[in-house]
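# An overview of the molecular structure
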Amino acid sequence: MGFLQLEQVSKLYGEFAAVRDFDLEIERGEFISLLGPSGCGKTTTLQMIAGLVTPTNGRITLDGRDITREKPARRGLGVVFQSYALFPHMTVAQNVAFGLEMRKVAKAERDRQVAEILSLVKLTSLADRYPREMSGGQRQRVAIARALVIKPPVLLLDEPLSNLDAKLREEMQFELRRIQRVVGITTIMVTHDQAEALSISDRVVVMEGGKITQVDHPYSLYEHPKNNFISSFVGKSNFLAARAMNEATGVSLRVDNTDLKIPATGSYPGGELCLSVRPEKIRLTDPAGAMLHGPVSSRYFLGNHWLLSVSTPAGEISVAVANLGAPPPSEGDITGLTWNIEECRVLAAEQESALQS
Amino acid sequence: MTGAATRTQPRPLAPFLLAAPATLLFVGLILLPLALTAVLSFNVYDYSSGVRNQYTTANYLTVLQDPYYLAIFWRTLRLALLTTVIAVLLGTPEAYILTRMGKPWRSIFLLVIIGPLLVSVVVRTFGWSMLLGRDGLVNHALAVLGLEPVQLLYTETAIVIALVHIMLPFMVIPVWTALQKLDPTVEAAALSLGASRFTALRRVVFPQATLGILSGSLIVFGLSASAFAIPGLLGGRRLKMAATVVYDEYLIELNWPLGAAIAIIVLLANLAIMLAYNRMVERQAKRRLG
Ligand SMILES: Nc1ncnc2c1ncn2[C@@H]1O[C@H](COP(=O)(O)OP(=O)(O)O)[C@@H](O)[C@H]1O
Ligand SMILES: [Mg+2]
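Residues numbered from 1 in each chain as written. Chains lettered and ligands numbered in written order. Predicted model: local features only at pLDDT ≥ 70, side-chain atom pairs only at ≥ 80, totals over all residues. Heavy atoms only, no water.

Under an unreviewed UniProt entry, chain B has the name ABC transporter permease and belongs to Phyllobacterium myrsinacearum. Per UniProt, chain B has the following entry under Sequence similarities (unreviewed entry): "Belongs to the binding-protein-dependent transport system permease family. CysTW subfamily." (UniProt positions renumbered as here; feature names shortened; annotations may be inferred.)

Labelled according to an unreviewed UniProt entry, chain A appears under the name Fe3+/spermidine/putrescine ABC transporter ATP-binding protein, originating from Phyllobacterium myrsinacearum. Per UniProt, chain A carries the Sequence similarities (unreviewed entry) text "Belongs to the ABC transporter superfamily."

The following block contains the structure:
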């Protein structure tokens, strides 16, 4: 039994299901990300856990206690809102002290705890500033401090990094993980940025249209996406139309007019299939003997790697080539493409769900 | 080159010309009458010969030394303050409820709130005098409940009730505007930190509407202190307020200079109070809310 558990939780707005049959079990101290495109129900899920939205169906339990209908104040979870929702008319110290005041903590003890948490988020020197006198990154740390100071059993973060610029976002990502490790708090973070979810979470929950499509550790999620949506949303992928050919020796897939031998780990119904392979898994080789070949149609330099697009008989294929010094073939050059056959995923074309895992 | 130069050449007169119509209007309709009133207030008045072309400060001394006028000033200040306080207490929650209303209801209730402004002040005030009169609806209701009838008409209570009624929109609308700009998740944050709904409103929502409440109070105080029809009709002959006593001096006593002196005193007092209040609240709100 998990520390925080959601069972068959749904939220309907009229006929429209913002969240449907959400099942998730979270262990104490885990860092979970809810990942999905905008409008897929991430915020709604988070707010149901916080108690700010009442679920239509289902049950939420925290440490064995049913909190489905409990008031937000009673749950005592720490929430960091997307807009940070700081109290603009209070100083940083007053913002952070608010939750303690509501808990009737004596003034001296309150000051001590506020000072402690502000030093954790490295804001001690700004305690007397007002929110509007601070930068985005500093405001975000105030919001985290304010949520943590009440020692909540669970910390809920709604797109905490989306209002920061790229460089700051990267720094704050690891800062967030550091704080979470120090405090050891169970954390659920909502994000639409897959890089963010992969880099700092213990497990990632992928959502699409109000439903969970996959729950996995970041590495397995990236390497074994369950459907085309996930393989294109988490990282990038090339999709190749394929057809299964059953042979006595095993399975081989026909892509265009080339036969690709696939290790026989699953059974493929005869018919349309979809092969997915990540751009960074493809190697450039001599056209002779390559799996596919064709002219380079575009080439972009992205600093740490090159992004090539190659026109093959199976369609346009993106290839990421690490920048190891020598420039790759330029536009118009014919090149061959090869990858380890274990590196590609095979999915049924129409169902878009995994046949092999 | 030359074409571009002529086009961008500064025209020093343009701002003044553009501002001229508004300036003329302001000078003609506000500054000039005000200056004439100020001059008039220093003129000598004689009951037999009327306003004379001599100047004196006697009018001011008369007003400031006469307990009759001082009592009227005191009452004006007291009733205007009371009206403002009640309007803040009623108007702020009312504005909050309005922000929380759904689609059709918000417009309907906004209309209800502005309603009093759409009715002529005389009609509205007579309405109140019928409700509050000795034989009015309020006393009938009290009689049904077995209570003694109360004297409401021609009391300060009647004036305050009618003033609050007409002043509420001037309080609700600025506060509503201020509340609309707030981020609703800030209130949710207070709830998630353990605040009750009431505490969240008191500690988090309303303090952010301070500037709206400030402008609302200034309008309400200013309009109440210079209200004429309501004290005139509901206060009767005895209960004078500043505007009604000025009217009396002008049209009944025909002592225009004295009336002008009262008007100037009221204007200056009103201005001083409003500026002081504005400074006090704004200084506090400025640093926090920017
Ligand atoms: N109060 C509401 N009333 C009606 N629909 C809502 C409400 N809140 C959210 N929704 C809808 O529910 C869906 C999920 O919203 P949300 O959880 O905010 O998505 P996300 O945070 O993943 O972007 C959206 O399509 C949104 O329009
Ligand atoms: Mg959201």
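That shown, we press on.
Contact with chain A, which involves 24 residues of that partner, is made by 21 residues of chain B. When chain A packs against chain B, close to 2000 Å² is buried across both sides, 64% of that on carbon and sulfur atoms. Where chain A meets chain B, there are one salt bridge. The shortest N-O distance in the salt bridge between Arg 203 of chain B and Glu 101 of chain A comes to 2.8 Å. If you look at where chain A meets chain B, you find five residue pairs in polar contact (both at pLDDT 80 or more). In terms of residue count, helix α3 (residues 92–102) of chain A provides more of the side of chain A that touches chain B than any other element does, four residues in total. (Contact = heavy atoms within 4.5 Å. Buried area = accessible area lost by both parts, 1.4 Å probe. Salt bridge = Lys/Arg side-chain N within 4 Å of Asp/Glu carboxyl O. Polar contact = N/O pair within 3.5 Å; in protein donor to acceptor, adjacent residues only side chain to side chain. Helix = DSSP H or I, 4+ residues; strand = E, 2+ residues; numbered from the N terminus.)

Residues and elements named next belong to chain B. Residue-level pLDDT values for chain B average 89, and 96% of them are 70 or greater. Averaged over each element, pLDDT in chain B is lowest for helix α1 (residues 2–8) (54) and highest for helix α4 (residues 67–99) (95). Among the scores for the predicted complex, ipTM is 0.77 and pTM is 0.78. (pLDDT = per-residue confidence, 0-100.)

Now for the domain arrangement of chain A. Interface size is often expressed as the accessible area that is lost when the parts come together. Residue and element names in this part refer to chain A. Examined at the domain level, chain A breaks down into domain 1 (4–225) and domain 2 (236–348). Between domain 1 and domain 2, the residue contacts involve five residues of the former and five residues of the latter. Taking both partners together, domain 1 and domain 2 bury about 450 Å²; carbon and sulfur atoms supply 32% of that area. It is Tyr 222, Glu 223 and Pro 225 in domain 1 that bury the most area against domain 2; as a group they hold 87% of the surface buried on that side. Applying the counting rule to domain 1 against domain 2 returns one salt bridge. Note that Glu 223 and Lys 281 form a salt bridge whose closest N and O atoms lie 2.9 Å from each other. Put simply, domain 1 and domain 2 have three residue pairs in polar contact (both at pLDDT 80 or more) between them. For the side of domain 1 that touches domain 2, the residue count by class is three nonpolar, one polar and one charged. (Domains from an automatic or database assignment. Nonpolar A, V, L, I, M, F, W, Y, C, P; charged D, E, K, R; others polar.)

Below, the discussion takes up empty space enclosed by the protein. All names here are of chain A. Counted by the stated rule, this structure contains three cavities of 30 Å³ or more. The volume enclosed by the largest cavity comes to roughly 70 Å³. Along its surface, the largest cavity is lined by Tyr 222, Glu 223, Pro 225, Ser 231, Ser 237, Ser 276, Val 277, Arg 278, Lys 281, Glu 343 and Arg 345. Of all the secondary-structure elements, those providing two or more residues to the lining of the largest cavity are α8 (218–223) and β14 (272–277). Considering only residue class, the lining of the largest cavity consists of three nonpolar, three polar and five charged. Mapped onto the domain boundaries, the lining of the largest cavity takes at least three residues apiece from domain 1 (4–225) and domain 2 (236–348). Empty space within the second largest cavity amounts to approximately 40 Å³. If you go around the second largest cavity, the residues you meet are Leu 46, Gln 47, Ala 50, Leu 52, Val 79, Val 80, Phe 81, Leu 156 and Asp 158. (1 Å grid on protein atoms, 1.4 Å probe; cavity = no way out; pocket = protein on both sides within 12 Å on 5 of 7 lines; lining within 4 Å. Points joined across faces, edges and corners; volume = space filled by probe spheres on them.)

The next subject is the UniProt feature "domain: ABC transporter" (unreviewed entry) in chain A. In the UniProt entry, the feature "domain: ABC transporter" (unreviewed entry) is given for residues 4–234 of chain A. Taken end to end, residues 4–234 of chain A is 38% helix and 26% strand, and its first and last C-alpha atoms sit 26 Å apart.

Moving on: the site of ligand 1. All names here are of chain A. As a matter of local geometry, ligand 1 sits amid Tyr 13, Phe 16, Ala 18, Ser 38, Gly 39, Cys 40, Gly 41, Lys 42, Thr 43 and Thr 44. A distance of 2.6 Å separates an oxygen atom of ligand 1 from a polar backbone atom of Gly 39. Within the side chain of Thr 43, one N or O atom sits 2.6 Å away from an oxygen atom of ligand 1. A total of 560 Å² of accessible area belongs to ligand 1 in isolation, and the protein chains cover 59% of it. Of all the secondary-structure elements, those providing two or more residues to the shell around ligand 1 are β2 (16–26) and α1 (42–50). If you tally residues by element for the shell around ligand 1, the top one is α1, at three residues. Grouping the constituent residues of the shell around ligand 1 by class yields four nonpolar, five polar and one charged. (Near = heavy atom within 4 Å. Areas by Shrake-Rupley, 256 points an atom, 1.4 Å probe, with all protein chains shown as cover.)

Turning to unusual backbone geometry, a few remarks are in order. Residue and element names in this part refer to chain A. The backbone of Lys 122 sits at a positive phi, close to 60 degrees, despite the residue not being glycine. Structurally, the position occupied by Lys 122 is in the loop between α4 (107–120) and α5 (136–148). Look at Glu 159: it is not a glycine, yet its phi comes out positive at around 40 degrees. Tracing the chain through its elements places Glu 159 in the loop between β7 (154–158) and α6 (166–183).

Residues and elements named next belong to chain B. According to the stated counting rule, one finds 24 salt bridges over all chains in the structure shown. Among the salt bridges present, the one from Glu 187 reaches Arg 100, with a minimum N-O distance of 2.7 Å. Here Glu 187, found in helix α9 (residues 184–192), pairs with Arg 100, found in the loop between α4 and α5 (103–114); they are 87 residues apart in sequence, far enough to count as distant. What makes Arg 100 partly exposed here is its relative accessible area of 46%. (Buried < 20%, exposed > 50% of the residue type's maximum accessible area, 1.4 Å probe, protein only.)

Paired through their backbone hydrogen bonds, the strands of a sheet run either parallel or antiparallel. Residues and elements named next belong to chain A. Strand order across the open sheet formed by five strands is β15-β19-β16-β17-β18, with antiparallel pairing between neighbours. The open sheet is flanked by β15 (283–285) and β18 (315–322), the only strands paired with a single partner. Strand-to-strand twist in this sheet, taken as the mean axis angle between neighbours without regard to direction, amounts to 45 degrees. Sheet topology places β15 next to strand β19 (residues 334–338); three bridges connect them, and they run antiparallel. Along β19, the bridge assignment pairs Thr 285 with Gly 336. (Pairing = 2+ DSSP bridges. Axes fitted to C-alpha atoms, helices over the stretch in contact; angles between N-to-C directions.)

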